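Okay, here's what each chain looks like letter by letter:
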Amino acid sequence: MPPSAGDGPTPTEPTIPDGAGTGLWKDAFRRLKRNPQAIAGAIIVGLFLLVAILAPVLAPFGGDELPGRTEITPTNIPGPGEIDAYPLGLDRFGGDLLSKLIWGAQASLLIGVVSTALGLVGGMILGLLAGGLGGWVDSVIMRFVDILLSVPNLLLAVSIAAILGQGPYAVMIAIGVSQVPIFARLLRASMLSQRGSDYILAAQTLGLSRSTITMSHLLPNSVGPVIVQATLTLATAVIDAAALSFLGLGGGRPQTAEWGRMLTYAQAELANSPQLAFLPGICIAVTALGFTLLGESLRESLDPKTRKK
Amino acid sequence: MLRVIGKRLALLVPTLIGLSILLFLWVRNLPGGPATALLGERATPEAVERVNELYGFNEPIISQYFTYMGKLLQGDFGTSINTGRPVLEEFATRFPGTVELTIVALIFAIGIGIPLGYVAARYYGRFVDHGSVVLSLLGITVPVFFLAFILKYLFAIQWPILPPDGRQDPRMDATHVTDFYVLDGILTGEWDAAWDAFQHLILPGIALGTIPLAIIVRITRASVLEVQNADYVRTARAKGLMEKTIRNRFILRNAMLPVVTTIGLQVGLLISGAVLTETVFAFNGIGRFLRDAIFGLDYPVLQGFIIIIAILYAVINLIVDISYSIIDPRVRVS
């Protein structure tokens, strides 16, 4: 009820707390900037991005070049510091480990981002249809999502890769499709929880069409958890991509610079050249850590329960 | 209670039928068609024709599906291309190994995860708490197969205190009754065989259990944090109950619900993780066999294993749901 003149005591001017009145996202961003966890995540992701983009400049050798082919023997793989031209040493095929790690960043980022984008778009379309239309469309879509969820994630990705054949595109699509159910469910649940809100009721009372309400009121207010999940999923996508190429589904040549594949071929060398497994492994873990830190601080900053400061 | 279980089982049927349709279509859309998929890529055209004839791949697709479903319902999941043995048999001989591995992984994850999560919540903001947060973050971000490498390098190569691969020392003259090697050793009184099999489970078990551990720590911590300041806990304390009673009967019991859900949700992760862990440790379970099936394009195995795993997955989640009502009587009503 709006206060009117002469209606009891005059209401005191409400004090607007700092930060209130700004949009949800602007507010969240302001809080993100103060969160050390978010800054750490952003720095890691930023460095990783930079390395991936500048790979052609930074890497001393090409991704699948084998400059040290003549330096390796079946029993001896030069390690870090042994030959000046290869600061981190060589791998089983005679590739420069440092160059391969740098090019590997590019491959991992590309697969991670493209697959998550595919999963996000696919999942949002399904979730939007299910949550927006409801009824039998909702039932059909959610049953389909249930079927996809009845198979463990990695197995689903592997099965999809089997149809598509091996190679980086197959890996991207496989991981993307295996993420669809998560995004679809999340968006639908989030939309359903918003449906009973007062502002939706208000929009309905104003006589707005169902599609306008869904697209310009329901969707923007429901998309928060999905964005958070997408950031976290980037971490999983990088790990899953490495897992699929570790299992041998990456396609291409054995010496291709890709972190997961480097681990596959490091297996036999573990006793004598552990760095061949440890360095790419650490790269995968640190990248995943960056995305996870960023995703979790984003979740915190959007969560109304923790939005005090 | 029985009605709830019946209803849940009935709900499972459409999901499994849908999955069987998807898997059926999957094999039919494989590069080279189903006959090539069954015979392998080096198949001659005559052999392909013979298989098409034999399996009825020339018949209308609907009748093919019903034949396929009929066989599935009789437990006929086809024959492995790589080994020539029935898929179900291959599954049955390898499944016990994976079950043993999963049990060790879960014991590791639950045994450390719940106490650590509880302690972290009790000492919120202190060193233990920060440590547990960092640990669980690392647990989630380090890939299973990389962790397996680290463990193998440290404890089997650098300090060889545990076996690097396999399920049991091949020199061990062990009798196998159930194919659960640890259990077999206990049943037959061959303690050395049981101990050897158990040692083979430790490293892969830890590698497999780390992600669930990280998740269980976080959920327990969050859940205890929420519960420990509840009014009924304060009342219990005011009544002068012993700290142990408050912890076990008031805090933990109420905090366990989300934890149990989480443990149920780990099953899929464990199966995915088993593929990777068993590959690194050359552990003869369903995971490694699946990996070989992927490499050898052994589609009957992939198809059969996926269906069996989906059924198990669903059944385990059902058991988890039922266990709620044991932990939380409030759920029993609905």
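Numbering of residues begins from 1 in every chain and follows the order in which that chain's sequence is written. Chains and ligands are labelled by the order in which they are written, letters from A for the one and numbers from 1 for the other. Side-chain atom pairs in this predicted model are given and counted only at pLDDT of 80 or more, local residue features only at pLDDT of at least 70, and totals for whole chains, interfaces and linings cover all residues.

Focus on the overall build of chain B
Helix and strand assignments follow DSSP, with helices taken as H or I runs no shorter than four residues and strands as E runs no shorter than two, numbered in order from the N terminus. When you go through chain B residue by residue, the secondary structure sums to 14 helices and zero strands. The order of helices and strands in chain B, counted from the N terminus, is α-α-α-α-α-α-α-α-α-α-α-α-α-α. If one aligns the C-alpha atoms of chain B with their principal axes, the spans along those axes are about 85 × 55 × 40 Å. With C-beta atoms placed from the backbone, a residue is labelled by how many other C-beta atoms lie within 10 Å of its own: buried for 20 or more, exposed for 12 or fewer, partly exposed between the two. A buried classification covers 38% of the 334 residues belonging to chain B.

Focus: the overall build of chain A
Within chain A, the regular secondary structure consists of 12 helices and zero strands. Order of helices (α) and strands (β) in chain A, N terminus to C terminus: α-α-α-α-α-α-α-α-α-α-α-α.

A look at helix H7 (residues 144–158) of chain B
For an α-helix, 3.6 residues make a turn, and residues three or four places apart therefore share a direction. The length a helix should cover is 1.5 Å for every residue beyond the first. For H7 of chain B, built from 15 residues, the straight-helix expectation of 21 Å at 1.5 Å per residue is met to within 8% by its first-to-last C-alpha distance of 20 Å. Fitting axes to the seven residues ending at a residue and to the seven starting there, one defines the bend at that residue as the angle between these axes. Residue Lys152 of chain B marks the point of greatest curvature in H7 of chain B, where the axis turns by about 30°. Here contacts are defined at the residue level, using C-beta atoms placed from the backbone and a cut-off of 7 Å between them. Looking at the buried residues of H7 of chain B, the elements they touch are helix H10 (224–246), helix H11 (259–266) and helix H12 (275–302) of chain A together with helix H9 (191–227) and helix H11 (243–280) of chain B.

Describing the packing of helix H4 (residues 97–133) of chain A against helix H7 (residues 168–195) of chain A
All names here are of chain A. With their axes 5 Å apart at the nearest point, H4 and H7 run at an angle of 35° to one another. You can see that H4 and H7 cross each other, and the crossing is right-handed. Amino acids outside the nonpolar list (Ala, Val, Leu, Ile, Met, Phe, Trp, Tyr, Cys, Pro) and the charged list (Asp, Glu, Lys, Arg) are all regarded as polar, and Gly is one of them. For the contact of H4 with H7, a count of residues per class yields 22 nonpolar, 10 polar and one charged. The convention used is that axes are lines fitted to C-alpha atoms, helices contributing only their stretch in contact, and that angles between N-to-C directions extend from 0 to 180 degrees. The hand of a helix crossing depends on one turn: near helix anticlockwise from the far one by less than a right angle means left-handed, and clockwise means right-handed.

Re the interface of chain A and chain B
Listed by partner, the interface residues are 32 residues for chain A and 34 residues for chain B. For the side of chain A that touches chain B, the per-class residue count stands at 23 nonpolar, seven polar and two charged.

A look at the packing of H4 of chain A against helix H5 (residues 135–149) of chain A
Residues and elements named next belong to chain A. Running from N to C, H4 and H5 point in directions that differ by 145°, and their axes come no closer than 7 Å. Crossing hand, H4 versus H5: left-handed. Here Leu126, Leu129, Ala130 and Leu133 of H4 come into contact with H5, specifically with Gly135, Val137, Asp138, Ile141, Met142 and Val145. Residues belonging to the contact of H4 with H5 are distributed by class as follows: eight nonpolar, one polar and one charged.

Observations concerning the confidence of the model for chain A
What pLDDT expresses is the predictor's confidence in each residue, scored from 0 to 100. When pLDDT is averaged along chain A, the result is 81; 90% of the residues meet or exceed 70. Here residues 1–8 of chain A is modelled with pLDDT under 50, and outside its nearest four sequence neighbours on either side it reaches one contact, counting other chains as well.

Regarding the confidence of the model for chain B
Residue and element names in this part refer to chain B. Residue-level pLDDT values for chain B average 83, and 95% of them are 70 or greater. The least confident element of chain B is helix H14 (residues 329–332), whose mean pLDDT is 64; the most confident is helix H5 (residues 87–122), at 91. At the level of chain-chain contacts, confidence expressed as ipTM amounts to 0.82, with global pTM at 0.83.

Examining the environment of Asp146 of chain A
Residues and elements named next belong to chain A. On the secondary structure map, Asp146 appears in helix H5. Looking at Asp146, the number of C-beta atoms within 10 Å reads 18, which means it is partly exposed. As for Asp146 and Pro181, which are separated by 35 residues in sequence, their C-alpha atoms are 7.7 Å apart.

Comments concerning the nonpolar core
A general feature of soluble globular proteins is that nonpolar side chains tend to end up buried together. Ranked by size, the top nonpolar core spans 158 residues in total, and within it Val171 of chain A together with Phe145 of chain B carry the most contacts. Ignoring anything within four residues of it in the chain, the contact list for Val171 of chain A reads Ile111, Ala161, Ala241, Leu244, Ser245, Leu249 and Gly250 of chain A. Any nonpolar core is a set of buried residues, restricted to Ala, Val, Leu, Ile, Met, Phe, Trp, Tyr and Cys, that join up through C-beta atoms within 7 Å.

Regarding unusual backbone geometry
Residues and elements named next belong to chain B. Positive phi outside glycine occurs at Asp179, with the angle close to 75°. Along the chain, Asp179 turns up in the loop between H7 and helix H8 (181–188). Judged by local crowding, Asp179 falls into the partly exposed class, with 16 C-beta atoms found within 10 Å. The phi torsion at Ala282 lies on the positive side, around 45°, for a residue other than glycine. Structurally, Ala282 is set in the loop between H11 and helix H12 (286–295).

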